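Structure at a glance
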There are 2 protein chains.
Amino acid sequence: MSARNLLLLSSSRLYGHGYLEHARSQLEDLFKSKNVKTVLFVPFALRDYDKYTATVRNALEPWGYAVEGLHTKADPSKALSEAQAIFVGGGNTFVLLRTLYELQLIEPIRKLVLNQGIPYIGSSAGTNVATRSIHTTNDMPVVYPPSFNALALVPFNINPHYLEPDANTHHKGETRDERIEEFVAYHELPVLGLREGTSVRVVGNHAQLLGKLPAKLFKGNGSTEEFAPESDLSFLLQID
Amino acid sequence: MSARNLLLLSSSRLYGHGYLEHARSQLEDLFKSKNVKTVLFVPFALRDYDKYTATVRNALEPWGYAVEGLHTKADPSKALSEAQAIFVGGGNTFVLLRTLYELQLIEPIRKLVLNQGIPYIGSSAGTNVATRSIHTTNDMPVVYPPSFNALALVPFNINPHYLEPDANTHHKGETRDERIEEFVAYHELPVLGLREGTSVRVVGNHAQLLGKLPAKLFKGNGSTEEFAPESDLSFLLQID
């Protein structure tokens with residue numbers, strides 16, 4: 001039985017809402033259940049760590065939570081092991097994953113989350129790196145990480161910011177669905193298309209879809225299925 | 001003085017046109033200048049090599065050109081060295097580059113194009129791999145190539161299928177411009193945003209923009225500049 005306690009957000013912003021505002025109740029439910037008062041923020045997916053940490057602090061402090069930046073800690077591994085909760089923010093997934101490898105934080109974070117049950121919140125790129133690999137990110141590969149394998153806190157892939165193909169476009173680039181189907185064709189593994197404003201909450205071996213929109217599952221066999229808000233997604237945790 | 005003779009298309013399809021139709025005069029100008037009668041097609045960016053080669057054949061045969069698939073050749077290096085022209089088609093850039101590395105074709109193609117002057121036509125992913133690296137592809141990283149370094153037939157990066165941010169979207173994912181600006185911030189190298197229907201023609205040390213739309217250059221210093229159709233882009237070949 002895994003001790004994991006995850007909240008994987010599609011995005012930190014949702015149209016018409018302030019930063020993280022749409023996910024406030026999801027965040028607070030998690031924080032309150034574990035008596036979290038201080039969040040350790042991992043800002044590596046963007047370039048300005050101080051500014052990014054301030055953005056998160058400005059969102060969470062009014063709700064009663066302190067925010068510290070992992071980049072301000074002399075010993076990141078130690079800081080992670082002492083954290084009440086870890087929040088890995090979005091930005092560029094390739095940059096984020098490369099930095100986690102460079103700082104040798106992949107295994108420490110993985111052990112803390114899976115064995116010690118330290119709550120992990122990811123948003124966008126922070127959600128991508130929480131899954132088995134970053135193969136299904138939308139980001140541009142601006143840097144070359146040593147691997148696409150990620151934290152594997154869950155054994156499936158997520159496509160954050162998932163959105164439908166635009167039927168009206170004249171653009172001839174691949175649609176999001178075509179790109180995800182390409183991944184499935186090569187790997188025969190499922191990808192959860194997570195629309196903005198939705199999240200996956202994982203506690204131990206139980207997973208649930210949160211938010212007001214359905215999620216589209218691209219199955220390993222090439223078929224797809226929509227899951228309604230609040231659906232039980234625990235079956236996705238049983239993949240080997 | 002490089003012998004290179006390139007036609008780098010943003011895309012093989014343009015709204016309102018048949019496959020490659022918008023680029024017919026660009027292709028035929030190149031083929032006629034070198035008396036090309038048979039094109040060696042590299043279909044590795046898509047999964048069905050036979051079907052993909054047939055698509056290209058169906059476009060080029062009515063114009064009087066034969067098309068052969070590189071995948072049908074027992075000795076790909078030898079086939080490339082005997083080719084009248086090489087056409088590398090679009091699809092997934094990561095898959096294409098990984099396959100070129102697996103078949104050990106990077107150096108052979110590079111030498112044939114730069115030293116022997118064999119005409120190289122690339123489209124979309126085939127254009128990405130012709131540049132210094134695939135860091136500025138739009139594709140999903142569905143497979144992990146051994147490097148993002150590519151053929152480097154030109155010393156700058158291209159973003160194919162370039163398009164403006166959609167001012168009306170409610171979507172909170174990064175815009176294309178933000179993604180490209182991120183690459184520039186990390187590398188301080190220029191990226192040519194090549195809109196669908198446009199191409200770069202390179203002969204030796206001369207480069208020109210072809211097609212009816214301008215191209216947007218993201219400069220290494222972070223500024224941008226639009227270049228009108230038919231602009232001389234030779235300065236982009238002088239980067240070290």
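Just so it is clear, the structure is predicted and the values come from calculations on it, not from any experiment.

Here the focus is helix α7 (residues 176–187) of chain B. An α-helical segment advances 3.6 residues per turn. Residues three or four places apart therefore align on the same side. Residue and element names in this part refer to chain B. For α7, which comprises 12 residues, the first-to-last C-alpha distance of 17 Å matches the rise-based estimate of 16 Å (1.5 Å per residue) to within 8%. Within the span of α7, buried status applies to Arg176, Asp177, Arg179, Ile180, Glu182, Phe183 and Val184. Structurally, α7 contributes buried residues whose contacts are with β6 (157–162), β7 (191–195) and β10 (215–218). A positive backbone phi angle near 55 degrees is found at Glu188, which sits one or two residues after α7.

All names here are of chain A. Relative to the helices and strands, Leu194 is located in strand β7 (residues 191–195). Distance in space between the C-alpha atoms of Leu194 and Leu27 is 17 Å, their sequence separation being 167 residues. Ignoring sequence-local partners within four residues, the contact set of Leu194 consists of Leu8, Leu9, Ser10, Ile158, Asn159, Pro160, His161, Tyr162, Ser199, Val200, Leu209 and Ala215.

The subject of this paragraph is the relation of the copies chain A and chain B. Rotating chain A by 180 degrees and translating it 0.0 Å along the rotation axis places it on chain B, where the RMSD comes to 0.0 Å. Here the transformation between the copies is reduced to the relation of a two-fold axis. The share of interface residues of chain A whose copies in chain B are also at the interface is 100%, consistent with both copies meeting through the same surface.

With that out of the way, let us pick up the packing of aromatic side chains. Scanning the entire structure with this criterion turns up 19 aromatic pairs over all chains. Taking 5.8 Å as the distance between ring centres and 70 degrees as the angle between the ring planes, the aromatic pair formed by B:Tyr162 and B:Phe218 counts as edge-to-face. Placement of B:Tyr162 in strand β6 and of B:Phe218 in strand β10 is noted, with a sequence separation of 56 residues between them. Of the two residues examined, B:Tyr162 and B:Phe218, each falls in the buried class. Ring pairs connect the aromatic residues A:Phe94, A:Tyr144, A:Phe148, B:Phe94, B:Tyr144 and B:Phe148, which therefore count as one cluster. Stacked on the ring of B:Tyr186, the Lys or Arg A:Arg47 has its end atom at 5.8 Å from the ring centre.

Contact residues are listed per partner, giving 41 residues for chain A and 41 residues for chain B. In this assembly, chain A packs against chain B so that about 3,700 Å² is buried in total across both faces, 61% of it on carbon and sulfur atoms. Of all residues in chain A, A:Met140, A:Tyr144 and A:Tyr186 give up the largest surface area on contact with chain B, accounting jointly for 20% of the area buried on that side. Scanning the region where chain A abuts chain B turns up 2 salt bridges. Across the pair B:Asp139 and A:Arg179 runs a salt bridge, and its minimum N-O distance is 3.1 Å. At the junction of chain A and chain B, the tally comes to 14 residue pairs in polar contact (both at pLDDT 80 or more). Listing elements by their share of the side of chain A that touches chain B, those giving two or more residues are α4 (93–102), β6 (157–162) and α7 (176–187) of chain A.

All names here are of chain B. As for its placement among the helices and strands, Thr131 is situated in the loop between α6 (125–128) and β6. Taking relative accessible area as the criterion, Thr131 reaches 0% and is therefore assigned buried. Here the side chain of Thr131 touches Asn128 through a polar contact of 2.8 Å, landing on its backbone oxygen. Setting aside anything within four residues of it in sequence, one finds Thr131 in contact with Ala150, Leu151, Ala152, Leu153, Val154, Phe156, Asn157 and Ile158.

Our next topic: the sheet that holds β10(B). All names here are of chain B. The strand order across the open sheet formed by 4 strands is β6-β7-β10-β11, and the pairing between neighbours is mixed. The sheet is open, and its two borders are formed by β6 and β11 (224–227), each paired with just one other strand. Across this sheet, the average inter-strand angle for adjacent strands is 20 degrees, counted without regard to direction. Strand direction decides the pairing type here: β6 and β7, joined by 4 bridges, are parallel. Considered in β7, the bridge of Asn159 is made with Gly193. Here α7 sits on the sheet in contact with β6, β7 and β10, set at roughly 175 degrees to β6.

To continue, consider the sheet that holds strand β2 (residues 38–42) of chain B. Residue and element names in this part refer to chain B. Ordered by their spatial adjacency, 7 strands build an open sheet running β3-β2-β4-β5-β1-β8-β9, and the pairing between neighbours is mixed. Of all the strands in the sheet, just β3 (66–69) and β9 (206–210) have a single pairing partner and so form its edges. The mean angle between the axes of side-by-side strands here comes to 20 degrees, regardless of whether they run parallel or antiparallel. With 4 bridges joining them, strand β1 (residues 5–9) and strand β5 (residues 120–123) adopt parallel strand pairing.

This brings us to the pattern of salt bridges. Tallied over the entire structure, the rule returns 22 salt bridges over all chains. A:Glu82 is the salt-bridge partner of A:Lys78, the closest N and O atoms lying 3.3 Å from each other. You can call A:Lys78 partly exposed: its relative accessible area is 46%. B:Glu28 is the partner of B:Lys32 in a salt bridge, and the nearest nitrogen-oxygen pair spans 3.9 Å. Of this pair, B:Lys32 and B:Glu28 both sit in helix α1 (residues 24–33), 4 residues apart, roughly one helical turn. A relative accessible area of 59% means that B:Lys32 is categorised as exposed.

Here A:Arg176 is to be found in helix α7. Looking at A:Arg176, the relative accessible area reads 15%, which means it is buried. Residues A:Arg176 and A:Glu28, spaced 148 residues apart in sequence, show a C-alpha to C-alpha distance of 32 Å. Contacts of A:Arg176, omitting those with residues within four sequence positions, involve A:Asn138, A:Asn159, A:Pro160, A:His161, A:Tyr162, A:Leu163, B:Met140 and B:His171. A polar contact is formed between the side chain of A:Arg176 and the side chain of A:Asn138, at a distance of 3.1 Å. In this structure the side chain of A:Arg176 is engaged in a polar contact, spanning 2.9 Å, whose partner is the side chain of A:Asn159.

How each quantity is defined
- Residue positions are given per chain, counted from 1 along the sequence in the order it is written.
- Chain letters and ligand numbers both follow the written order, the letters beginning at A and the numbers at 1.
- Restriction of local features to residues with pLDDT of at least 70 applies here, the model being predicted, together with a cutoff of 80 or more for giving and counting side-chain atom pairs; totals for whole chains, interfaces and linings are based on all residues.
- Hydrogen atoms and water are omitted, and side-chain values are computed over all heavy atoms in the structure.
- Each helix is a run of H or I in the DSSP string that is no shorter than four residues. Each strand is a run of E no shorter than two, and both are numbered from the N terminus.
- Each residue after the first adds 1.5 Å to the expected span of a helix.
- Classification of residues uses two cut-offs on accessible area relative to the type maximum, computed with a 1.4 Å probe and protein chains only: under 20% is buried, over 50% is exposed, and between them is partly exposed.
- A contact between two residues is defined here by any heavy atoms of the two lying within 4.5 Å.
- Alignment of the copies relies on least squares applied to C-alpha atoms, considering only residues that score at least 70 for pLDDT in both.
- Any Phe, Tyr or Trp ring, taking Trp's six-membered ring, that has another such ring centre within 6.5 Å forms a pair; planes under 30 degrees apart are called stacked, those over 60 apart edge-to-face, and the others tilted.
- Remark: a charge is flagged as sitting over a ring if the NZ atom of Lys or the CZ atom of Arg is within 6 Å of the ring centre and within 35 degrees of the ring normal.
- Summed over both partners, the accessible area lost on bringing two parts together, with a 1.4 Å probe, is the buried area.
- Any Lys or Arg side-chain nitrogen found within 4 Å of a carboxyl oxygen on Asp or Glu counts as a salt bridge.
- Polar contacts, as counted here, are pairs of nitrogen or oxygen atoms within 3.5 Å of one another; within protein the pair requires one atom able to donate a hydrogen and one able to accept it, and residues that are adjacent in sequence qualify only if both atoms are side-chain atoms.
- For two strands to pair, DSSP has to find at least two bridges joining them.
- Between the N-to-C directions of two axes lies an angle of 0 to 180 degrees, each axis being a line fitted to C-alpha atoms and, for a helix, fitted only over the stretch in contact.

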